[in-house]
Every structure is written in C-alpha cells, then in structure tokens.
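# Secondary and tertiary structure notes
So the chains spell out like this:
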Amino acid sequence: MIRHFTATGFVVHQDATLLHWHQKVQEWLPPGGHVEPNEDLVQATLREIKEETGLNTEIVPTQPIPDISNLELVAAPYAVMIEDVVDAVHGEHQHIDHIYFARVTGIPGDLRGSVEKRPGAPDGWRWVTLSELQAETAFPIPSGEEKPPPEDVLKLGETAIRHVSGL
C-alpha cells in the first residue's frame, strides 16, 4: 500500500484547541497535511497551520530536545499514527501522520472568533474547549446534523491543551 508522510498540529490557546469540519474526511480535525519535498516535520506542521488558519504558531516540544551541537535537531512528534485514507486523487492509501502540539504567537488576548472561515471548511474553524472535548460534545456539520470529533482528536486535543496550557 502507498504511504504518504503527513503532519498535524493541535493549536492551543488558553483552554481550547482549534478544529474544523473536514469535508473530504467528514470529521472534525485539527490543521494538517502532506509533508512537501525538502521540508522537515516541524516546517510542514507550521506551514499547514498557517495556510489553513492564518495563525502564526510555534511547536511546543513534548519531550526534551537532546543537547547535541554538531547536528540540527527538530522536535519529535508527540505521536505517530497510521491512518487509512481513500480519495479520488490517490485512491486507497495510508497517511503516516506526525502529531505535534503548538501555541499561537504574536497575537495577544482571546482568539476565539478571530480565525476566519477558510475554503474547504464549510463550518469554518471552532475553538473547542477542554470541557467540550471531555464531554464529547457534538458540533453542527453542513448537513444540519451534529457530530463529535473522533476518538483520536478528543484524546489528543485534551492532551495538547493540558500540555501547552499547563492545565
């Protein structure tokens, strides 16, 4: 089976993480996408967050970076997940998805409502709070129904909020 390298960033601000309704996947997801040629995983994560949300962010390492001076180091992902994907362009394939946690930089105060609606995200972006993740809250989707985020997003979103915000 063909595999693609992808990178995902759980963007945290205060007690919430940023999710959007992903039309193709039909799930609530954080920003992320394919790693481009000559790009490391951190660069890909930060690029995808910026392209999809317009926010400037920085990676929050989840483990200490070794003190090695003779080589450049990048933060390791919190987790790596294998995801089965089917789409019209690539058919049946897998994503090797590298999960990072990030915080917003350069914008003071409360960001709720400040992320503009983006093409490809019909319901736009939503700051989902720790309590909403814990309650597995369902949110409106374009069909008019409501759907909660999938299990991986609930658990990783909660972990990201606790790690980045120190809750």
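Residues numbered from 1 in each chain as written. Predicted model: local features only at pLDDT ≥ 70, side-chain atom pairs only at ≥ 80, totals over all residues. Heavy atoms only, no water.

## Observations regarding the confidence of the model for the protein
Scored by pLDDT, the protein has a mean of 89; 90% of the residues are at 70 or more. In the predicted structure, residues 117-122 sits below a pLDDT of 50 and forms 14 contacts with residues beyond four places in sequence or in another chain. (pLDDT = per-residue confidence, 0-100. Contact = heavy atoms within 4.5 Å.)

## So, the nonpolar core
In this structure, Phe10, Trp28, Ile99 and Phe101 are the most contacted members of the largest nonpolar core, which totals 21 residues. Of all the secondary structure elements, the ones that give two or more residues to this core are strand 1 (3-13), strand 2 (16-22), strand 3 (27-29), strand 7 (91-104), helix 2 (130-134) and helix 3 (151-165). Excluding anything up to four places from it in sequence, Ile99 contacts Thr8, Phe10, Pro77, Tyr78, Ala79, Met81 and Leu156. Formed by 13 residues, the second largest nonpolar core is a distinct cluster that contains Leu18, Leu55, Ile59 and Val104. (Core = buried A, V, L, I, M, F, W, Y, C linked by side-chain atoms within 4.5 Å. Buried < 20%, exposed > 50% of the residue type's maximum accessible area, 1.4 Å probe, protein only. Helix = DSSP H or I, 4+ residues; strand = E, 2+ residues; numbered from the N terminus.)

## Structural notes on the pairing of strand 1
Most of strand 1 is tucked away: nine of the 11 residues are buried. With 10 bridges joining them, strand 1 and strand 7 adopt parallel strand pairing. Bridging across to strand 7, Thr6 finds its partner in Asp97. With three bridges connecting them, strand 1 and strand 4 (residues 32-34) associate as antiparallel partners. Bridging across to strand 4, Ala7 finds its partner in Gly33. Pairing between strand 1 and strand 2: two bridges, direction antiparallel. Each bridged residue has a counterpart across the sheet, and for His13 the counterpart in strand 2 is Ala16. Joining the antiparallel neighbours strand 1 and strand 2 is a turn of two residues, in which Gln14 adopts a positive phi near 55°. (Pairing = 2+ DSSP bridges.)

## Things to note about unusual backbone geometry
The backbone of Gln26 sits at a positive phi, close to 65°, despite the residue not being glycine. Position of Gln26 relative to the elements: it lies in the loop between strand 2 and strand 3. Unusually for a residue other than glycine, Asn38 sits at a positive phi of about 65°. Mapped onto the fold, Asn38 is located in the loop between strand 4 and helix 1 (41-53). In this structure Asn38 comes out as exposed when scored by relative accessible area, which is 83%.

## Structural notes on the pattern of salt bridges
Opposite charge on two side chains permits them to pair, given that their charged atoms come into close proximity. Evaluated as defined, the whole model comprises eight salt bridges. Of the charged contacts, one joins Glu36 and Arg47 as a salt bridge, the two residues approaching to 3.4 Å between their closest N and O atoms. Of the two residues, Glu36 sits in the loop between strand 4 and helix 1 while Arg47 sits in helix 1, which places them 11 residues apart along the sequence. Across the pair Glu48 and Arg47 runs a salt bridge whose closest N-O atoms are separated by 3.0 Å. Arg47 gets classed as buried once you look at its relative accessible area, which sits at 15%. Linked through salt bridges whose partners overlap, the residues forming this network are Glu36, Glu39, Arg47, Glu48 and Glu51. (Salt bridge = Lys/Arg side-chain N within 4 Å of Asp/Glu carboxyl O.)

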